Structure formats: C-alpha cells, structure tokens
Amino acid sequence: GAVVSQHPSRVICKSGTSVKIECRSLDFQATTMFWYRQFPKQSLMLMATSNEGSKATYEQGVEKDKFLINHASLTLSTLTVTSAHPEDSSFYICSAPRAGDDEQYFGPGTRLTVT
Amino acid sequence: AQKVTQAQTEISVVEKEDVTLDCVYETRDTTYYLFWYKQPPSGELVFLIRRNSFDEQNEISGRYSWNFQKSTSSFNFTITASQVVDSAVYFCALSGYTGTASKLTFGTGTRLQVTL
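These notes cover the structure that comes with them. Predicted, not measured: the structure shown is a model, and the values here were computed from it. (Residues numbered from 1 in each chain as written. Chains lettered and ligands numbered in written order. Predicted model: local features only at pLDDT ≥ 70, side-chain atom pairs only at ≥ 80, totals over all residues. Heavy atoms only, no water.)

## Some words on the packing of aromatic side chains
Threshold: Only centres within 6.5 Å qualify two rings of Phe, Tyr or Trp (six-membered ring in Trp) as a pair; their planes then separate them into stacked at under 30 degrees, edge-to-face at over 60, and tilted for everything else. Starting at the N terminus, helices and strands are each numbered in turn, a helix being any DSSP run of H or I of at least four residues and a strand any DSSP run of E of at least two. Remark: exposure states derive from per-residue accessible area (1.4 Å probe, protein chains only) relative to the maximum for the residue type, with buried under 20%, exposed over 50%, and partly exposed in between. Only Lys NZ and Arg CZ are tested; either one counts as a charge over a ring when it is within 6 Å of the ring centre and within 35 degrees of the ring normal.
Under the criterion given, the structure shown has 18 aromatic pairs over all chains. Arranged with centres 5.2 Å apart and planes meeting at 75°, the rings of Phe106(A) and Tyr37(B) form a pair that is edge-to-face. Residue Phe106(A) is found in strand β10 (residues 103-106), and its partner Tyr37(B) is found in strand β5 (residues 32-39); the two belong to separate chains. Taken as a pair, Phe106(A) and Tyr37(B) share a single burial class, namely buried. Measuring from ring centre to ring centre gives 6.1 Å for Phe106(A) and Phe106(B), while their planes differ by 70°; the resulting arrangement is edge-to-face. With Phe106(A) in strand β10 and Phe106(B) in strand β11 (residues 104-106), the pair connects residues from two separate chains. Comparing Phe106(A) with Phe106(B) shows no difference in burial state: the two are buried. What links up through ring pairs into an aromatic cluster is the set Tyr36(A), Phe106(A), Tyr33(B), Phe35(B), Tyr37(B), Phe47(B), Phe91(B) and Phe106(B). Sitting above the plane of the Tyr33(B) ring, Arg50(B) keeps its charged end 4.3 Å from the centroid.

## Quick look at the pattern of salt bridges
All names here are of chain B. Note the threshold: A side-chain nitrogen of Lys or Arg and a carboxyl oxygen of Asp or Glu constitute a salt bridge if their distance falls within 4 Å.
Per the counting criterion, the structure on display carries six salt bridges over all chains. The partner of Arg51 in a salt bridge is Glu59, and the shortest N-O contact between them spans 2.7 Å. Since its relative accessible area comes to 31%, Glu59 is described here as partly exposed. Because the salt bridges share partners, they merge into one network encompassing Arg51, Asp55 and Glu59.

## So, the sheet that holds strand β7 (residues 67-73) of chain A
Residues and elements named next belong to chain A. Which entries qualify depends on this criterion: A pair of strands is labelled paired if DSSP reports no fewer than 2 bridges between them. Axes here mean lines fitted to C-alpha atoms, for a helix over just the part in contact, with angles spanning 0 to 180 degrees between N-to-C directions.
Strand order in the open sheet made by the four strands is β1-β3-β8-β7, with antiparallel pairing throughout. With partners counted over all chains shown, the strands left at the sheet margins are β1 (4-7) and β7, one partner each. The average angle at which neighbouring strand axes cross in this sheet is 15°, direction not considered. The sheet contact formed by β7 and strand β8 (residues 76-81) spans five bridges and is antiparallel. In the sheet register, Leu68 faces β8, and the bridge partner there is Thr80.

As structure tokens, this is what we get:
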C-alpha cells in the first residue's frame, strides 16, 4: 500500500526557535497534502491544505505567517512552525491523497514539544 | 459546513464483550465519504473503513462491522468479542466527494478501554 512518511517523528525545541516538519509520499505523487494538528486528548483539526506549486490554503484561525507550508515537489510538503511557543506543542499529522484510487494516506505524525 | 459527532467520550468494557461506537454526521453534500480510524497510543492513525454515501450496505470485516443509516445520518461501528488490543481512540470522519480525496472532518473521538 501507499506510504507517507514524516520526519522527524519527535522533536523538542526551545521557545522562540523554528521547527521544520517534512511530509513525503514515498511511492506516489501528491499534488495536494493536508496538515492536521492534534492537541492531547483532542481530535484532529485541519490546519491547511498544501498545494504543489502554489500557495497553501489555511483554515480559519490558523496563522499563515506562523505555520509556513511549502509544497515544492510532488512528493514533499514541509510545515515550518516559526517562533514556536509552548502552546504550539502538539501532534502534527499530514495526509496525502493518491490520485486514481481516491484514497488518502496518513503519515505517522510528528510530536512537537516546545519548552 | 460538515460536522461529525461522537457522543461517547470514553467506553470501558470487559474483554469478549461487544461494543458499539456511535457516529452521527451532518453535511449538505449529496455525495460524501465516511471513515473510521483507530489511533493507538503510538498516535499513528490506522485506517479501518471508508464508505461512500451511495452505498448503504452494512459491512463486516472479521470482528468489526459497520452500520450506515443515511436516514438518521449515522455510521456506527461495532466490535464483536472485544480484545485488549482493541483499546485505542476511535475516530469517525467525513469528507466531500470530489473525484479526488479531500480534507477530512473528524469527530472528537471515542476512547475505548478493554480490560481483562
């Protein structure tokens, strides 16, 4: 089956620094990828839709200048959390739809802790 | 706007009991997809099922079964003869049907605890 990877799986950073999370579709191309955030014991909330070759579409309430998304190739989307704060500590999960079979594949997630 | 409601926050059962997880959804779309995912403590989402709105046939897969009732906008999930390994958070989700997979709206999840 299709595989989506995320790197890193876990990251701890200091408040004020920036962190980049990668989402890769390993055996298929994805013109669109989705980024979700999950706070502890809560549901997954869509943050933004990443579009290859164009600007990302952000959900209401998500700061686009804080959460920078770059979808530079058909297999890679990156989410950069800029000037991270403890309240950004969360589980970030990406997903990528595979064209043709209409399936959506989730990455294993990245757990971000900001100290 | 789409909405998914999982009224059961936590359920605790003893192994071998049957358990049903409820899911009620709202959407204005005439065609859509419904999903169930399992999230074990590791956090990785495990895909369980996808059902499109055209297909109201119930489905069984081993100990898992799903009951889709379009008339009541419900897509309930039953685990028969539960096992400790079934302990996890289960999410019901909804997406549009546009020809390519679109963003998912998740319910708040139901935490299932299966004990010996």
